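Structure assessment
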Amino acid sequence: MPPATAETAPVDAAAGLFRALADELLREDQQLLFPLMTRMNEIAELLGQGAAVDPAYIDGGVRLWSRYVNEVHQQRIERLYGVFRDIIQLPGPARKLERRRGVHVRAEKVEAAQEETGLDKYNEIRGTQTRMAERIGVLKGLVDAYRRGEYYSPQMLASLLRSGAFSDRAWAKYEEEFVLKYLNEHVAPEEDLRLRKEIAASDELRRQVESEVAQFLAHPIPKKGPPA
């Protein structure tokens, strides 16, 4: 493979980082978020059936959920947004090839508009981060109410656990599919493994939270009545 020129190096660098981030996104969903959301839904089902679940265990799950939302996901989603922005601003290989073939400038404007739409779509995904963080705050309050044995708190907690788990899992899947589709359509196949160092800090954080989630899931859901 010939050495990167001054013109192609930024594009190849963005491609390598984008692929590394796509890999990170898949690992994050499959090994951290989806298993945790499955357990949250199981807790919701038990609460909905009238079972008394240990509030300390629910609190531990919500705290892990909070770590995912406010640390792992927040960090990655902002970095990935930066990569989207860089790829759109840089002259991509497809556009350079079209210019060499003499395609009319109007076609380039159409492609640029489509890419801007892609950035807008990822902006929509970024907007879910605020709603996810707000939901975590409400969940923490409901866990406290459940611990105190407040009237109807099990039902309200079950409802928000169920809807929150469904929503975050659905949005994560949408984000995953959108990112990989964009990657497939817009990024050259070359990958610079060197750029994986740029996500090392995020990988370390993800692995730490993933380990905590695995420990949490290793225990069966304890059934214990909250103190009166």
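Remember, predicted model here, so these are calculated numbers, not experimental data. (Residues numbered from 1 in each chain as written. Predicted model: local features only at pLDDT ≥ 70, side-chain atom pairs only at ≥ 80, totals over all residues. Heavy atoms only, no water.)

**Thoughts on the overall build of the protein chain**
The cut-off we apply is this: Think of it this way: any DSSP run of H or I at least four residues long counts as a helix, any run of E at least two long counts as a strand, and we number them from the N terminus. Three exposure classes are used, based on accessible area relative to the maximum for each residue type with a 1.4 Å probe and protein chains only: buried under 20%, partly exposed in between, and exposed over 50%.
Tallying secondary structure elements over the protein chain gives 6 helices and 0 strands in all. Beginning at the N terminus, the succession of helices and strands in the protein chain can be written as α-α-α-α-α-α. In the protein chain, which comprises 228 residues, the proportion classed as buried is 44%.

**Considering the confidence of the model for the protein chain**
Caution is warranted with low-pLDDT regions, since their predicted coordinates should not be read in detail. What counts here: On a scale of 0 to 100, pLDDT captures the predictor's confidence in every residue.
Mean pLDDT for the protein chain: 78, with 68% of residues reaching 70 or above. Per-residue pLDDT, averaged within each element of the protein chain, yields its smallest value for helix H3 (residues 93–101) (42) and its largest for helix H5 (residues 153–186) (89).

**Here we look at the nonpolar core**
Worth spelling out the cut-off: Buried residues of nine kinds, namely Ala, Val, Leu, Ile, Met, Phe, Trp, Tyr and Cys, make up a nonpolar core once their side-chain atoms join them within 4.5 Å. Any two residues whose heavy atoms approach within 4.5 Å are treated as being in contact.
Grouped together as the largest cluster of nonpolar side chains are 36 residues, with contacts concentrated most on Met-40, Ile-43, Leu-47, Ile-58, Trp-65, Leu-157 and Leu-161. Broken down by secondary-structure element, the contributors of at least two residues to this core are helix H1 (9–48), helix H2 (55–89), helix H4 (105–148), H5 and helix H6 (200–217). No other element matches the 10 residues that H1 contributes to this core. Here Met-40 is in contact with Gly-61, Val-62, Trp-65, Leu-161, Ala-165 and Phe-216, once residues within four sequence places are set aside.

**As for a nonpolar patch on the surface**
This is how it is decided: The patches described consist of residues with a relative accessible area above 30% and no salt bridge, like charges being joined within 9 Å and nonpolar side chains (Val, Leu, Ile, Met, Phe, Trp, Tyr) within 5 Å. In this description, accessible areas are obtained by the Shrake-Rupley approach with a 1.4 Å probe, and a residue is regarded as covered only by the protein chains that are shown. Each salt bridge in this description consists of a side-chain nitrogen of Lys or Arg and a carboxyl oxygen of Asp or Glu lying within 4 Å of one another.
Among the surface-exposed residues, Tyr-151, Tyr-152 and Met-156 lie close enough to one another that they form a single nonpolar patch of about 410 Å² accessible area. Along the chain, Tyr-152 turns up in the loop between H4 and H5.

**So, the side chain of Ser-153**
As for its position among the elements, Ser-153 is in helix H5. The residues touching Ser-153, leaving out its near neighbours within four places in the chain, are Ala-145 and Tyr-146.

**Considerations on the side chain of Asp-29**
Heads up, the condition is: His is not counted here, nor are the chain ends, while Lys and Arg score as positive and Asp and Glu score as negative.
With respect to the helices, strands and loops of the structure, Asp-29 is situated in helix H1. Buried charge without a partner: Asp-29 forms no salt bridge, and the closest opposite charge is Arg-76, 5.5 Å away. Excluding residues within four positions of it along the chain, Asp-29 makes contact with Phe-34, Pro-35, Ala-172 and Glu-176.

**Observations regarding the pattern of salt bridges**
Applying the stated rule across the entire model yields 13 salt bridges. Close ionic contact of Asp-59 with Arg-63 constitutes a salt bridge, the shortest N to O distance being 2.7 Å. Placement of both Asp-59 and Arg-63 in helix H2 is noted, with a separation of 4 residues, approximately one turn of the helix. Glu-78 is paired through a salt bridge with Arg-126; the nearest N and O atoms lie 3.0 Å apart. Taken together, the residues span a long stretch of sequence, with Glu-78 in helix H2 and Arg-126 in helix H4 at a distance of 48 residues. Judged by relative accessible area, which is 33%, Glu-78 ranks as partly exposed. Arg-126 gets classed as partly exposed once you look at its relative accessible area, which sits at 23%. One network of salt bridges, with partners in common, ties together Glu-28, Arg-76 and Glu-175.

**Describing the environment of Leu-161**
Locating Leu-161 in the fold gives a position in helix H5. For Leu-161 and Leu-142, which are 19 residues apart along the polypeptide, the C-alpha to C-alpha distance reads 9.9 Å. Excluding residues within four positions of it along the chain, Leu-161 makes contact with Met-40, Ile-43, Ala-44, Leu-47, Ile-58, Val-62, Trp-65 and Leu-139.

**Some remarks on unusual backbone geometry**
Located in the positive-phi region is Tyr-152, a residue other than glycine, with phi close to 65 degrees. Given a relative accessible area of 45%, Tyr-152 falls into the partly exposed group.

**Structural notes on the environment of Leu-25**
Considering the arrangement of structural elements, one finds Leu-25 in helix H1. Sequence separation of Leu-25 and Leu-80 is 55 residues, and the distance between their C-alpha atoms is 9.6 Å. Sequence-distant contacts of Leu-25, defined by excluding residues within four places in its chain, comprise Arg-76, Glu-175, Glu-176 and Val-179.

**Observations regarding the packing of aromatic side chains**
Definition in use: Ring pairs are drawn from Phe, Tyr and Trp, using the six-membered ring of Trp, whenever the two centres fall within 6.5 Å, and their geometry is named by plane angle: stacked under 30 degrees, edge-to-face over 60, tilted for the rest.
Under the defined criterion, the tally for this structure stands at 4 aromatic pairs. Geometrically, the ring pair formed by Tyr-57 and Phe-216 is stacked, given 4.3 Å between the ring centres and 15 degrees between the ring planes. One end of the pair, Tyr-57, is in helix H2; the other, Phe-216, is in helix H6, with 159 residues separating them in the sequence. Relative to Tyr-174, the ring of Trp-171 has its centre 5.5 Å away and its plane inclined at 90 degrees; by these criteria the two rings are edge-to-face. A residue pair is termed a helical-turn pair when its members lie 3 or 4 positions apart in one helix, as Trp-171 and Tyr-174 do in helix H5 at 3 residues. Note on Tyr-174: relative accessible area 32%, which makes it partly exposed.

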